Amino acid sequence: MSGEEEENAAELKIGDEFLKAKCLMNCEVSLILEHKYEQLQQMSEDPMNQVSQVFEKSLQYVKRFSRYKNPDAVRQVREILSRYQLAEFELCVLGNLCPETVEEAIAMVPSIKTKGRAHDDEAIEKMLNDLSMIKKFE
Amino acid sequence: MFLKVQMPWNVIIPAENLDAKGLMLQRSIIIRLLDDFAVKKATKDFGYYIAVTKLERIGEGKVRQHTGDVLFPVEFSGITFKIFRGEILEGVVHKVLKHGVFLRCGPVENIYLSCLKMPDYRYVPGENPYFWNDKMSKIGKDVVVRFIVIGTKWLEAEREFQALVSLEGDYLGPVSPPDII
């Protein structure tokens, strides 16, 4: 990170190392952590005692804030969003917050509308429709 | 935002835990790594350390002089959580004060929304105090709020992040329960 005052996720300025890093949606983290927790349950009678507080709080959070629960749906969300030339960070914000309108999507991820990127309102609308279809059929 | 990261780490295995059988050694390395990882809690660069997902590589061990312990350089994949300025997130209110509320989001507990950053909300005192505005929307304990991060701070001593957040912006504020399943 070049200087902390410059960090601004709304403009996708989050530092090169994070732009390249893979981000995960809440629903993806939920699948991974729940699986880990189940493994621990098989090995120990008191699994909550085996995990850190950070793990416990994160598990509670992602369980509550996952828009998609079904593993197939989770996979499809990433697949569909991947078709729209989004940065990892943008993809996950959209998957986490599930905006319902184009206006809301742009408010949540202002960077999708900046500097000659190919996202017109129509493309965004189509993306949101695709997402809501997954939700319906989940 | 949750991040999938690859990290290098140095795992030190005490001499008495060394075992000639390869599988036992690998087991000791993994157990040690998981322990160290949980104790570390968080770093300024990567954020909160949540889980190790895969051990990618165990390098060649080096014997440390004097103690006889062996240091293994390893590389693994894991999940971390870092909060970015400008990011929009959802969190849960856990404390209501006269001048603002504290929210919890993922592993972060100290997320402060000051009343100055929700200008249309007024404080309502009482046994269960809350904030509310003219549109009858209420911010009290256990309410889910969507906010924007306006500042973050790393506290080295506590190994913890603090964040200041705001409701100034479109589509921010309390989220109605049916929205969250």
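Residues numbered from 1 in each chain as written. Chains lettered and ligands numbered in written order. Predicted model: local features only at pLDDT ≥ 70, side-chain atom pairs only at ≥ 80, totals over all residues.

The name an unreviewed UniProt entry gives chain B is DNA-directed RNA polymerase subunit, with Quillaja saponaria as the organism. Turning to chain B, the UniProt annotation filed under Subcellular location (unreviewed entry) states: "Nucleus". Reading the Function (unreviewed entry) entry of the UniProt record for chain B gives the comment "DNA-dependent RNA polymerase which catalyzes the transcription of DNA into RNA using the four ribonucleoside triphosphates as substrates." (UniProt positions renumbered as here; feature names shortened; annotations may be inferred.)

Going by what an unreviewed UniProt entry lists, chain A is known as DNA-directed RNA polymerase II subunit 4 and is assigned to Quillaja saponaria. According to the UniProt record, the Subcellular location (unreviewed entry) comment for chain A is "Nucleus". Of chain A, the UniProt comment under Sequence similarities (unreviewed entry) reads exactly: "Belongs to the eukaryotic RPB4 RNA polymerase subunit family."

Caption draft 1: Summary view of helix H6 (residues 88–97) of chain A. Judged by how many residues are buried, H6 of chain A sits mostly within the fold: 10 of 10 residues are covered. If you check which residues of H6 of chain A are buried, you get Glu88, Phe89, Glu90, Leu91, Cys92, Val93, Leu94, Gly95, Asn96 and Leu97 of chain A. The inward-facing, buried residues of H6 of chain A abut strand S1 (22–24), helix H2 (26–43), helix H5 (71–82) and helix H7 (102–108) of chain A together with strand S6 (88–97) of chain B. Just downstream of H6 of chain A lies Cys98 of chain A, where phi reads positive at about 45 degrees. (Buried ≥ 20, exposed ≤ 12 C-beta atoms within 10 Å, placed from the backbone. Helix = DSSP H or I, 4+ residues; strand = E, 2+ residues; numbered from the N terminus. Contact = placed C-beta atoms within 7 Å.)

Caption draft 2: Spatial organisation of the packing of H5 of chain A against helix H8 (residues 121–137) of chain A. Residue and element names in this part refer to chain A. It is at 10 Å that the axes of H5 and H8 come closest, and there the two elements cross at 175 degrees. Considering the angle they form, H5 stands roughly antiparallel to H8. Only Asp130, Leu131 and Ile134 of H8 make contact with H5, whose side of the interface consists of Ala73, Gln76, Val77 and Ile80. Among the residues forming the contact of H5 with H8, the class breakdown is five nonpolar, one polar and one charged. (Axes fitted to C-alpha atoms, helices over the stretch in contact; angles between N-to-C directions. Parallel < 35°, antiparallel > 145°, perpendicular 65-115°, else oblique. Nonpolar A, V, L, I, M, F, W, Y, C, P; charged D, E, K, R; others polar.)

Caption draft 3: Looking closely at the domain arrangement of chain B. All names here are of chain B. Examined at the domain level, chain B breaks down into domain 1 (2–81) and domain 2 (88–179). Each of domain 1 and domain 2 was reduced to a C-alpha centroid, and the two centroids are 37 Å apart. Taken together, the six residues of domain 1 in the interface contact six residues of domain 2. Looking at the side of domain 1 that touches domain 2, its residues break down into four nonpolar, no polar and two charged. (Domains from an automatic or database assignment.)

Caption draft 4: Geometry of the sheet that holds strand S11 (residues 138–139) of chain B. Residue and element names in this part refer to chain B. Taken in spatial order, the three strands make up an open sheet running S9-S10-S11, and their pairing is antiparallel. Pairing within the sheet leaves two strands with one partner each, and these edge strands are strand S9 (122–124) and S11. Here strand S10 (residues 130–132) pairs with S11 via two bridges, running antiparallel. Its bridge partner lying in S11, Phe131 is registered against Ile139. (Pairing = 2+ DSSP bridges.)

Caption draft 5: Structural detail: the interface of chain B and chain A. Every contact between the two is made by 27 residues of chain B and, on the other side, 30 residues of chain A. At the level of secondary structure, the elements contributing two or more residues to the side of chain B that touches chain A comprise strand S1 (2–13), strand S3 (47–58), strand S5 (70–81) and S6 of chain B. It is S3 of chain B that contributes the most residues to the side of chain B that touches chain A, five residues altogether. Split into classes, the residues belonging to the side of chain B that touches chain A amount to 17 nonpolar, four polar and six charged. Pairing geometry for S1 of chain A and S1 of chain B, over three bridges, is antiparallel.

Caption draft 6: Examining the domain arrangement of chain A more closely. Residues and elements named next belong to chain A. Looking at the assigned domains, one finds that chain A contains domain 1 (13–64) and domain 2 (71–137). Taken over C-alpha atoms, the centre of domain 1 sits 23 Å from the centre of domain 2. Across the contact, 10 residues belong to domain 1 and nine residues belong to domain 2. The set of elements that each furnish at least two residues to the side of domain 1 that touches domain 2 consists of S1 and H2. When residues in the side of domain 1 that touches domain 2 are grouped by element, the largest group, four residues, is from H2. Of the residues belonging to the side of domain 1 that touches domain 2, the class tally is seven nonpolar, one polar and two charged.

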